[in-house]
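Take a look at the letters that make up each chain.
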Amino acid sequence: MYDKRKINKILIVDDSEMNRAILADMLSEQYEILEADNGIAAVQLLHSYGTEISLVLLDIVMPEMDGFEVLAMMSRYHWIEEIPVIMISAENSHSVVERAYELGATDYISRPFDEVIVCRRVINTIMLYSKQKKLISMVADQMYESEKSNTLMVSILSHIVEFRNGESGLHVLHIGTMTELLLKRLREKTDAYDLDTAKISMISKAAAFHDIGKISISENILNKPGRLTEEEFEIMKTHSAVGADMLENLPLHKDEPLVKVAYEICRWHHERYDGRGYPDGLKGEEIPISAQAVSLADAYDALISERVYKKAFSHEKALSMILNGECGSFHPLLLECLSDIADHIQEKLSINSLNRGSEKEIHNIVERLLSHKELASSNRTLSMLEEERIKFQFFASMASEIQFEYSVVPSMITISDWGAEKLGISRFIVNPSENQELLSIISREKMIELDQILRCTTPDSPIVEYEVELNVEGATRFSRIISRALWSHGDKTEYSGAIGKIVDIQEEQKELKRLKELASMDPLTNLLNGAYAKKEIIHMLYTYPENEYALIIFDLDYFKTVNNERGHVFGDRVLKYLAERLKSNIRTDDLAARIGGDEFLLFVRYDRNIEQAVSRIFSAMTGEYDGFKLSVSMGIAKTTTEGRKYSDLYHCADLALFAAKRKGQGCYVFYDKKNCTSNAPTTISPIDPSFEE
Amino acid sequence: MMLEELYQEIAGNYQDIRERLRKEERIEKFVLLFLKDTSYQDMLQAWEQGNLETAFRAVHTLKGVCMNLSFDKLYKAASEMTECLRAGDAEGAAKILPKLEKCYEEHIQAIRKYQEG
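Criteria and cut-off values
- Residues numbered from 1 in each chain as written.
- Chains lettered and ligands numbered in written order.
- Predicted model: local features only at pLDDT ≥ 70, side-chain atom pairs only at ≥ 80, totals over all residues.
- Heavy atoms only, no water.
- Helix = DSSP H or I, 4+ residues; strand = E, 2+ residues; numbered from the N terminus.
- Buried < 20%, exposed > 50% of the residue type's maximum accessible area, 1.4 Å probe, protein only.
- Areas by Shrake-Rupley, 256 points an atom, 1.4 Å probe, with all protein chains shown as cover.
- Contact = heavy atoms within 4.5 Å.
- pLDDT = per-residue confidence, 0-100.
- Expected span 1.5 Å × (residues − 1).
- Patch = residues over 30% accessible without salt bridge, like charges linked within 9 Å, V, L, I, M, F, W, Y side chains within 5 Å.
- Salt bridge = Lys/Arg side-chain N within 4 Å of Asp/Glu carboxyl O.
- Pairing = 2+ DSSP bridges.
- Axes fitted to C-alpha atoms, helices over the stretch in contact; angles between N-to-C directions.
- Parallel < 35°, antiparallel > 145°, perpendicular 65-115°, else oblique.
- Left-handed = near helix turned anticlockwise from the far one by under 90°.
- Buried area = accessible area lost by both parts, 1.4 Å probe.
- Nonpolar A, V, L, I, M, F, W, Y, C, P; charged D, E, K, R; others polar.
- Core = buried A, V, L, I, M, F, W, Y, C linked by side-chain atoms within 4.5 Å.

Engineer: Looking at this structure, I do not really get the overall build of chain A. What am I missing?
Structural biologist: Counting its regular elements, chain A contains 24 helices and 19 strands. Here chain A, with 693 residues, has 47% of them falling under the buried criterion. For chain A, the accessible surface area stands at approximately 35400 Å², while carbon and sulfur atoms represent 53% of it.

Quick look at the structure:
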């Protein structure tokens, strides 16, 4: 039966069973107790129970993974923000206690355990945390509400301006998005402008105000389809200063950071880097970076949008116009940023279309919430994370796959349940490059190589496919590791680890090998085919210059008669039989190929007595098959006398074969200038056109 | 024999454990459980294998257990050993070991006697 009182789970982590038992005994009346006898087991339980665990009682000195390391893991997975930890230990030294607090422990109980103290601390801590959670969610809701109405006001205001301008309602959103993209990229290139996430977000939001001064310009000028006269243009130009004045004269709030940034943007978003803009003719770094970014974003969006006085230009055209200076001069570094983000702009702008705008705002708010340290994890995001965790675990458990997660700090690999069982190793592996279990599966070199490859990826293309031989269940398996590098999205992009899965491609490799073999085989005799033999021979001649070889070509005498008198099926059987005999009479390193209808090629290595070897093979090819007298004519060329060029060897062997035929068949002839004329016709009738010289 | 007498025999602090664990049955349960605690044997084994680090962790655990049981005398001996091993002082530890051994055996014998009534 479900026990209502025991709604809270407490995890006790201590290597001594006795100590766990004492604590469990004190707490089991009110709480459900989970126990772990080392750090790894604790992390494992935290992984599977997540925030269902209300409190952790954690020992410090333990085998495998000590208490400090558990705290580090908890902070890595953000559990520490949600699950309080009370340290327990006989260590009373200040440095130990201090370090535990630094790592996020909430409280500290020293041994020996006193029931009253233990119970009181546990209750207090759990209550404190749940109160705090409630508070966080209240504050988060309020912030969300106020952010929402702020954003609403800003977008209403700017839309009023836009509709009057006859601009599309998207302009304001686009400028905000572009400004954000530009500044984020700029921050990666330089820290000259002190741009943190909050500041970028504020500038992007304030960008919405850039044209509020246009409220003072008459509609005749604003919406004039043709070119403005000089006089009209002078009036138009006043909008930047007017907008800035409006903000400066706000009766309230004019000292708000958002308003101040909006002022900069309003006044100076038509200044140019070379000082030829308006209204103040500021130059270079005199123009605040906020206004510089917005002016570039404004120029781009104006080009790609249709206006009463112009058609829309394409993305590419707009980029080249800006980069060529047709819209005035901009900060060179910002132009670089524009080129860098060029590929993403269209995609991002289309995502931020009007109806999706509110979603983007919510996203921004969440981002902002997360950047507040004290609100590091609102309940909303936590419950979303929790849901994701459950989903992930569910899918991982259903998939019969080896999935893994690697983190750089602390250096650790987590493997899916199924995967760990399949590989016969633990789910949690600390210090993978030193772990014997893991090293019995993959070599250290390969592991390091994969890590290096992952580190060399970029956030834009983080996926790596790596093929490697793994030792699984005592057998070597070809495997493919598909892995994605994780790049942290803080103020600086940093490699923080990787996730991925391991796919067995043994069968795939086998099939590939089979296909390769198939392509190299003569289908009738299962000897090599001519084209493949040629490639191999050239390879061998080149790779083993110290070896001497003989290239032998032979054909079956009277084979035409067989085909004519007993039919092709019988002819094929004869060829197969001959091939079998050939195979059993050569060494494994020698090559045998069928290169024509009844012509064969042999490539054999010899040490001293080639004569004897040839004679032996020749005799083996002579005999009888089902009433047919087997007899062959053979021509041989040796590397010792004919050199190591394939075409020469082949040609000489061919001539020698011709000489053998002339001699009356059923014999073999070594190539010799005297006995073989070079104008003899080739005796070979290729079946494989690629084999012809 | 009463629990209190047992604590007298092994120079433990009955007053203290009574205050902390509150219930006599609970104290008895854990005192008897001490017979099954392997941290002492773990330490000896690691010590014989020359593995000072594991020996340190084991005697550290023993120390924690003794503290919880208010076995003051054994706690003191285990503490000394812990500090020696923490410092990696094998020579010092070798000197202390016989004392710890004797003390541990006394505890085990006394608890067994108590168990038998």
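Engineer: Honestly, the overall build of chain B in this entry has me stumped. Any pointers?
Structural biologist: Across its full length, chain B carries seven helices and zero strands. In chain B, the order of α-helices and β-strands from amino to carboxyl end is α-α-α-α-α-α-α. Looking at the 117 residues of chain B, the share that counts as buried comes to 49%. In chain B, once contacts between residues fewer than 6 apart in sequence are set aside, the share between residues at least 24 apart is 63%. Approximately 5900 Å² of chain B is accessible, and the part contributed by carbon and sulfur atoms is 47%.

Engineer: Can you help me understand the confidence of the model for chain A in this one?
Structural biologist: Residue and element names in this part refer to chain A. Chain-level pLDDT for chain A is 82 on average; 84% of the residues reach the 70-or-more range. Scored below 50 in pLDDT, residues 352-363 shows 18 contacts in the model against residues more than four places distant or in partner chains. Here residues 688-693 is modelled with pLDDT under 50, and outside its nearest four sequence neighbours on either side it reaches 15 contacts, counting other chains as well.

Engineer: What should I look at first to understand helix H24 (residues 646-663) of chain A in this one?
Structural biologist: Every α-helix carries 3.6 residues per turn, so stepping three or four residues along brings you back to the same face. All names here are of chain A. The end-to-end C-alpha distance of H24, which contains 18 residues, comes to 26 Å, matching closely the 26 Å that a straight helix rising 1.5 Å per residue would cover. Taken as a whole, H24 has its buried residues at Tyr646, Leu649, Tyr650, Cys652, Ala653, Asp654, Leu655, Ala656, Leu657, Phe658, Ala659 and Ala660. At its buried positions, H24 is contacted by helix H20 (530-543), strand E13 (548-556), strand E15 (599-606), strand E18 (632-638), helix H23 (639-642) and strand E19 (668-670). Trailing H24 by a residue or two, Gly664 shows a phi angle of about 120°, which is positive.

Engineer: Could you clarify how one ought to interpret a nonpolar patch on the surface in this entry?
Structural biologist: Residue and element names in this part refer to chain A. On the surface, a cluster of nonpolar side chains totalling about 350 Å² of accessible area is made up of Phe394, Phe395 and Met398. As for its placement among the helices and strands, Met398 is situated in helix H15 (residues 379-398). For Met398, a relative accessible area of 53% puts it in the exposed group.

Engineer: Any chance you could explain the pattern of salt bridges here in plain terms?
Structural biologist: A side chain with one charge can pair with a side chain of the opposite charge if their charged atoms come near. Residue and element names in this part refer to chain B. For the structure shown, the criterion picks out 42 salt bridges over all chains. With its nearest N and O atoms 3.6 Å apart, the salt bridge here joins Glu53 to Arg57. Remark: Arg57 and Glu53 occur in helix H5 (residues 52-69); sequence separation between them is four residues, near one turn of the helix. In this structure Glu53 comes out as exposed when scored by relative accessible area, which is 56%. The closest approach of N and O atoms between Glu106 and Lys102, which form a salt bridge, is 3.4 Å. Of the two residues, Glu106 and Lys102 are both situated in helix H7 (residues 90-115); the distance of four residues between them amounts to about one turn of the helix.

Engineer: Can you walk me through the sheet that holds E15(A) in this structure?
Structural biologist: Overall, mixed pairing links the six strands, which are arranged E12-E14-E15-E13-E18-E19 (chain A) in an open sheet. In this open sheet, the two edge strands, each paired with only one partner strand, are strand E12 (528-529) and E19 of chain A.

Engineer: Would you explain the packing of helix H2 (residues 14-21) of chain B against helix H3 (residues 24-33) of chain B in this entry?
Structural biologist: Residues and elements named next belong to chain B. As a packed pair, H2 and H3 sit with axes 9 Å apart at the nearest point and diverge in direction by 115°. The angle between H2 and H3 places the two elements in the roughly perpendicular class. The interaxial crossing formed by H2 with H3 has right-handed handedness. Contacts from Tyr14, Ile17, Arg18 and Leu21 in H2 reach Glu24, Arg26, Ile27 and Phe30 in H3.

Engineer: For this particular structure, what's the right way to read the interface of chain A and chain B?
Structural biologist: Many authors give the size of an interface as the accessible area that is lost as the parts come together. Taken together, the contacts link 21 residues of chain A with 23 residues of chain B. Summed over both partners, the interface of chain A with chain B comes to about 1900 Å²; 57% of that surface belongs to carbon and sulfur atoms. Among the residues of chain A in contact with chain B, Met18(A), Asp25(A) and Pro112(A) are the three that bury the most area, contributing 29% of the side total. The interface formed by chain A and chain B includes three salt bridges. With a shortest N-O distance of 2.5 Å, Asp25(A) and Arg26(B) are connected by a salt bridge. Elements represented by at least two residues in the side of chain A that touches chain B include exactly helix H1 (17-27) and helix H5 (115-165) of chain A. With six residues, H1(A) is the single largest residue contributor to the side of chain A that touches chain B. Tallied by class, residues from the side of chain A that touches chain B come to 11 nonpolar, three polar and seven charged.

Engineer: Explain the packing of helix H6 (residues 171-189) of chain A against helix H11 (residues 289-304) of chain A here, please?
Structural biologist: Think of two packed helices as two axes; the pair is described by the angle between the axes and how far apart they sit. Residues and elements named next belong to chain A. Two elements in contact, H6 and H11, have axes separated by 8 Å at closest approach and are oriented at 125°. When the axes of H6 and H11 are compared, the pair comes out oblique. Classified by chirality, the crossing of H11 by H6 is right-handed. Two secondary-structure elements touch here, H6 through His171, His174, Ile175, Met178, Thr179, Leu182, Leu183 and Leu186 and H11 through Ile289, Ala293, Val294, Leu296, Ala297, Asp298, Tyr300 and Asp301.

Engineer: Looking at this structure, I do not really get helix H6 (residues 72-86) of chain B. What am I missing?
Structural biologist: Residue and element names in this part refer to chain B. Between the first and last C-alpha of H6 there are 20 Å, a value that for 15 residues agrees with the 21 Å anticipated at 1.5 Å per step. Leu74, Ala77, Ala78, Ser79, Met81, Thr82, Cys84 and Leu85 are the residues of H6 that are buried. Positive phi appears at Gly88, one or two residues downstream of H6, with a value of about 70°.

Engineer: Mind showing me how you'd approach unusual backbone geometry here?
Structural biologist: A negative phi angle is the norm for most residues apart from glycine, just as the trans form is the norm for most peptide bonds. Residues and elements named next belong to chain A. A cis amide bond, omega 5°, links Tyr278 with the succeeding residue Pro279. Mapped onto the elements, Pro279 comes out in the loop between helix H10 (257-268) and H11. Positive phi, close to 55°, is recorded for Asn431, a residue that is not glycine. Here Asn431 shows up in the loop between strand E8 (428-430) and helix H17 (436-439).

Engineer: Looking at this structure, I do not really get the pairing of E18(A). What am I missing?
Structural biologist: Put simply, side chains in a regular strand alternate between the two faces of the sheet. Residue and element names in this part refer to chain A. Most of E18 is tucked away: six of the seven residues are buried. Strand direction decides the pairing type here: E13 and E18, joined by seven bridges, are antiparallel. Across the sheet, the residue bridging to Leu556 is Val632, located in E18. Pairing of E18 with E19, which is carried by three bridges, proceeds in the parallel orientation. Looking at E19, one finds that Ile636 is bridged to Phe670.

Engineer: How do you make sense of the nonpolar core when you look at a structure like this?
Structural biologist: Here is a general trend for soluble globular proteins: nonpolar side chains tend to be buried in one another's company. Grouped together as the largest cluster of nonpolar side chains are 94 residues, with contacts concentrated most on Leu57(A) and Phe34(B). When residues of this core are assigned to their parent elements, the largest contribution, 10 residues, is made by H7(B). When near neighbours in sequence (up to four residues on either side) are disregarded, Leu57(A) contacts Ile10(A), Leu11(A), Ile12(A), Val13(A), Leu23(A), Leu27(A), Ile86(A), Ile88(A), Ile109(A) and Val122(A). Counting residues in hydrophobic clusters, the runner-up holds 43 residues, among them Tyr193(A), Cys266(A), Leu296(A) and Ala342(A).

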